[in-house]
Amino acid sequence: MSKPYLSVENLTQQFPDGQGGTLTVFENANFGIEKGEFVVILGHSGCGKSTIMNILAGLAEPTSGVVKMDGFAVSGPSLDRGVVFQNYSLLPWLSALRNVQFGVKARHRDWSPAKVLEHSRMFLAKVGLEGDVIHRKPSQLSGGMRQRVSIARAFANHPKLLLLDEPFGALDALTRGTIQEELLKIWSGTEQTVFMITHDIDEAILLADRILLMTNGPFARVAESVDITIPRPRTRTEIVDHPNYYAIRNHLVQFLGRRSKELAGQKVEGPQRPETVRIARESAPEPEPDANPRLRAVNS
Amino acid sequence: MASQLSLNQRAAILSIVLLVVGLLIWEAAIPAQKAAEELTEYERLTGGGAPKAGIPPPSDVLAKAWEQLSNPFYDAGPNDKGIGIQIGYSLFRVLSGYFLAALVAIPLGFLIGMSPVAYRALNPFIQVLRPISPLAWMPLALFVIQDSQLSAIFVIFICSIWPMLLNTAFGVAGVRQDWVNVARTHELGHLKTAFTVILPAAAPTIVTGMRISIGIAWLVIVAAEMLVGGTGIGYYVWNEWNNLDLTSVIFSILMIGIVGMVLDAAFAALQRTIAYAE
Ligand SMILES: Nc1ncnc2c1ncn2[C@@H]1O[C@H](COP(=O)(O)OP(=O)(O)OP(=O)(O)O)[C@@H](O)[C@H]1O
Ligand SMILES: [Mg+2]
């Protein structure tokens, strides 16, 4: 079996728990992401999603284990791994346009200012920001606009891997829908690999090729990898009519509502790998929820 | 009727009313000198009629201000220079000491803000040196530097360094990790990060420190110049006191206030240009 494009190998993260002991967030986690794939990770608050993402970004060092991208171990942040932070992380003293220019200048140090400007404007236009608004400071933009600027900044740099930490967390449902579709539009034209965190099941189904499900911490595990068997292009309104939609959704709800807790806190020896779950119309719509959870999580 | 005026207009009117009323009360409170023929025998014998050095009325001060400000840069010897020249000397000392202090305080503050080790190592020195009244350095400065002009500049340097140093360190240490992470994910080097992310992020706090410093420096220069003498607005006040010219003393006190206000306003304007909302 050839190695995936991005491979997470035996990743363990421990923190001091504040009472002199150690808190193991996750242990011996293993999973891979293929090139061009859109992977969403779902899990309850505090299970360690942001921790994984920070390690993938190179912003934090794991206690042990490695992340390999294209065969090379990740060490430190890189322009090849673009990050859209949960709280946008725009520089508040720069206008929307200058925030994007900031990124483009860092990526293409040899470009002329005119070229940087043109490129930045193009990507802002792709997320629907044109005209006067791009000269406003982030504090003068709505939450949705800030999020778009942040996405434009990340995409304008053509990173090979895009890491999105709950990018739409603070948005209302309507704005969310628009930006999700904009995100899909930009991504579909590229070879980019996306790893995204969310709490929203419908958002995950709309966007992902594959959803990774995490159990609750401590000793959280990436227990399942659910293939989203709904063809693209997808839209919010059409996917709900697809026969697989509710089967997948029920499975995710079951996992987050019940099994993520049942599977929690179990220290399991050896490398952990998510079990692949594929729900297609032909197969049973709902995997039996009564099956022994431990058996279900056995490595495949 | 009053409600049709804007808040600023109403405030301005009230300010002017207060000023006029204040000046009138002051003017009325100063007893006029009696003319010699009205004096009684007793007053003449006890010398009560000799012109006394009393507090001058505001009309005299205004006349003095007009006279001085219509020719601020005359120079008629060491003890008789125009107010413009004196303020110029003071400003020169303040600004040179101040910029030297900024040159030291801002880079050092950056270092302290970025490095917890540097912070802990330097903190005891800062804590001991900071509460020392700047004038306490004067004898030592005069002895070591052997030059009163440079000693005054040194005193300004030492008093304006602390607010800038501490505010820079505080501002730099408080830069949001998210913004630093933005710099890191864009592979910016240390120097580039310092100038394009940390400096603008900490700038409001740094400029607040600079504003406090220039205020203190202007307070201190008056006292320093009273000590070292020669030139400057502080020396001018003291000299006019020795001449018992209270009109000039009051006039120069007003000028000190106005120059201090202008310096502060300049930094307030700078603060507004670099402020950002999160
Ligand atoms: N620097 C740290 N020091 C100590 N504990 C930490 C640290 N960072 C994270 N943790 C702990 O690790 C666990 C996972 O945190 P993480 O931020 O990854 O959760 P998350 O899955 O992203 O949650 P959410 O969905 O709420 O963002 C939490 O229990 C948290 O308390
Ligand atoms: Mg998180």
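Basis of the calculations
Residues numbered from 1 in each chain as written. Chains lettered and ligands numbered in written order. Predicted model: local features only at pLDDT ≥ 70, side-chain atom pairs only at ≥ 80, totals over all residues. Heavy atoms only, no water. Near = heavy atom within 4 Å. Polar contact = N/O pair within 3.5 Å; in protein donor to acceptor, adjacent residues only side chain to side chain. Areas by Shrake-Rupley, 256 points an atom, 1.4 Å probe, with all protein chains shown as cover. Helix = DSSP H or I, 4+ residues; strand = E, 2+ residues; numbered from the N terminus. Nonpolar A, V, L, I, M, F, W, Y, C, P; charged D, E, K, R; others polar. Domains from an automatic or database assignment. Contact = heavy atoms within 4.5 Å. Buried area = accessible area lost by both parts, 1.4 Å probe. Salt bridge = Lys/Arg side-chain N within 4 Å of Asp/Glu carboxyl O. Axes fitted to C-alpha atoms, helices over the stretch in contact; angles between N-to-C directions. Parallel < 35°, antiparallel > 145°, perpendicular 65-115°, else oblique. Pairing = 2+ DSSP bridges. UniProt positions renumbered as here; feature names shortened; annotations may be inferred. Buried < 20%, exposed > 50% of the residue type's maximum accessible area, 1.4 Å probe, protein only. Patch = residues over 30% accessible without salt bridge, like charges linked within 9 Å, V, L, I, M, F, W, Y side chains within 5 Å. pLDDT = per-residue confidence, 0-100. Phe/Tyr/Trp six-rings, centres within 6.5 Å; stacked < 30°, edge-to-face > 60°. Lys NZ or Arg CZ within 6 Å of the ring centre and 35° of its normal.

**What about the site of ligand 1?**
Residues and elements named next belong to chain A. Ligand 1 sits among F15, V25, S45, G46, C47, G48, K49, S50, T51, E166 and H199. Contacts to ligand 1 include G46, whose backbone N or O atom sits 2.7 Å from an oxygen atom. Here an oxygen atom of ligand 1 and a backbone polar atom of G48 are 2.9 Å apart. For ligand 1, whose unbound accessible area comes to 640 Å², protein coverage reaches 61%. The greatest single-element share of the shell around ligand 1, amounting to three residues, is contributed by helix α1 (residues 49–57). Partitioning the shell around ligand 1 into residue classes produces three nonpolar, six polar and two charged.

**Focus: the domain arrangement of chain B**
Residues and elements named next belong to chain B. Splitting chain B by domain gives domain 1 (1–47) and domain 2 (56–277). Taken over C-alpha atoms, the centre of domain 1 sits 35 Å from the centre of domain 2. The interface of domain 1 with domain 2 comprises four residues on the first partner and six residues on the second. Buried area between domain 1 and domain 2, summed over both chains or domains, comes out near 430 Å², and the portion from carbon and sulfur atoms is 74%. The three residues of domain 1 that bury the most area against domain 2 are W26, E27 and I30, which together make up 86% of that side's buried surface. Counting across the domain 1 and domain 2 interface gives zero salt bridges. For the pair domain 1 and domain 2, the interface holds two residue pairs in polar contact (both at pLDDT 80 or more). Partitioned by chemical class, the residues of the side of domain 1 that touches domain 2 number three nonpolar, no polar and one charged.

**Topic: the packing of helix α9 (residues 190–228) of chain B against helix α11 (residues 246–274) of chain B**
Residue and element names in this part refer to chain B. Following both chains from N to C, one finds α9 and α11 inclined at 170°, their axes separated by 9 Å at the closest point. The angle between the axes of α9 and α11 places the two elements in the roughly antiparallel class. Taking contact as the criterion, the partners of A203, P204, V207, T208, M210, R211, I214, W218 and V222 in α9 are, on α11, I256, V259, G260, L263, D264, F267, A268, L270, Q271 and I274. Class assignment for the residues of the contact of α9 with α11 results in 14 nonpolar, three polar and two charged.

**Looking at the packing of helix α4 (residues 143–156) of chain A against helix α5 (residues 173–188) of chain A**
All names here are of chain A. Between α4 and α5, the shortest axis-to-axis distance is 11 Å and the interhelical angle comes to 10°. As far as their axial angle goes, α5 and α4 are roughly parallel. Only T175, I179, E182, L183, I186 and W187 of α5 make contact with α4, whose side of the interface consists of G144, Q147, R148, I151 and F155. In terms of residue class, the contact of α4 with α5 is built from six nonpolar, three polar and two charged.

**Some points on the sheet that holds strand β4 (residues 64–69) of chain A**
Residues and elements named next belong to chain A. Ordered in space as β2-β1-β4-β5, the four strands form an open sheet in which the pairing is antiparallel. Both outer strands of the open sheet, β2 (22–33) and β5 (72–73), are each paired with one neighbouring strand and no more. Contacts from α1 reach β1 (6–16), β2 and β4, with the element oriented near 120° to β1.

**Thoughts on the UniProt feature "domain: ABC transmembrane type-1" (unreviewed entry) in chain B**
As recorded in UniProt, the feature "domain: ABC transmembrane type-1" (unreviewed entry) lies at residues 87–267 of chain B. Secondary structure across residues 87–267 of chain B comprises 86% helix and 0% strand; the distance between its end C-alpha atoms is 19 Å.

**A look at the interface of chain A and chain B**
At the interface, 20 residues of chain A touch 17 residues of chain B. At the boundary of chain A with chain B, total buried surface from both sides reaches about 1800 Å², with 65% on carbon and sulfur atoms. Between the two partners, chain A and chain B, sit zero salt bridges. Remark: the boundary between chain A and chain B carries seven residue pairs in polar contact (both at pLDDT 80 or more). Here the residues of the side of chain A that touches chain B sort into 11 nonpolar, seven polar and two charged.

**Section: the UniProt feature "domain: ABC transporter" (unreviewed entry) in chain A**
The sites that UniProt annotates as "domain: ABC transporter" (unreviewed entry) are residues 6–241 of chain A. Split by type, residues 6–241 of chain A is 32% helix and 26% strand. Its first and last C-alpha atoms lie 33 Å apart.

**What about the environment of L165 of chain B?**
Residues and elements named next belong to chain B. The residue L165 is located in helix α7 (residues 148–173) in this model. Judged by relative accessible area, L165 falls into the buried class, the value being 3%. For the pair formed by L165 and G113, sequence separation is 52 residues and the distance between their alpha carbons is 9.5 Å.

**Side note on the UniProt feature "transmembrane region" (unreviewed entry) in chain B**
Residue and element names in this part refer to chain B. Those residues carrying the UniProt feature "transmembrane region" (unreviewed entry) are residues 12–30, 98–119, 125–145, 152–173, 217–238 and 250–270 in this numbering. Within residues 98–119, the helical portion is 95% and the strand portion 0%, while the C-alpha atoms at the span's ends are 23 Å from each other. Helix and strand shares over residues 125–145 are 62% and 0% respectively, and the end C-alpha atoms of the span are 22 Å apart.

**Notes on a nonpolar patch on the surface**
Residues and elements named next belong to chain B. A grouping of L5, I13, L14, V17, L18, V21 and I25 is seen on the molecular surface, where their side chains present a nonpolar patch of about 630 Å² in accessible area. The residue V17 is located in helix α1 (residues 7–29) in this model. According to the relative accessible area criterion, V17 is partly exposed, its value standing at 42%.

**So, the sheet that holds strand β8 (residues 193–198) of chain A**
Residues and elements named next belong to chain A. Read across the open sheet, the seven strands follow the order β6-β7-β8-β3-β9-β10-β11; overall the sheet is mixed. Each edge of the open sheet carries a strand with a single partner, namely β6 (81–84) and β11 (275–278). On average, each strand axis in the sheet is inclined to that of its neighbour by 20°, with strand direction left out of account. Note: strand β10 (residues 222–227) against β11, four bridges, orientation parallel. Bridging across to β11, E224 finds its partner in E275. The sheet strands contacting α4 are β6 and β7 (161–165), and the helix crosses β6 at an angle near 180°.

**Comments concerning the confidence of the model for chain B**
On average, residues of chain B carry a pLDDT of 90, and 92% of them reach 70 or more. The complex model carries a pTM of 0.83, and its ipTM stands at 0.83.

**Things to note about the packing of aromatic side chains**
Any two aromatic rings considered together are summarised by their centre-to-centre distance and by the angle between their planes. This structure, assessed with the given rule, holds 10 aromatic pairs over all chains. Judged by centre distance (5.8 Å) and plane angle (75°), the ring pair of Y98 of chain B and F267 of chain B falls under edge-to-face. In this pair, Y98 of chain B is assigned in helix α4 (residues 83–114) and F267 of chain B in helix α11, connecting sequence segments 169 residues apart. Each member of the pair, Y98 of chain B together with F267 of chain B, is buried. Aromatic rings pair up to connect W93 of chain A together with W179 and Y276 of chain B into one cluster. The positively charged end of K115 of chain A is found above the aromatic ring belonging to W111 of chain A, 4.4 Å away from the centroid. Residue placement shows K126 of chain A over the ring face of F123 of chain A; its charged tip is 4.7 Å from the ring centre.

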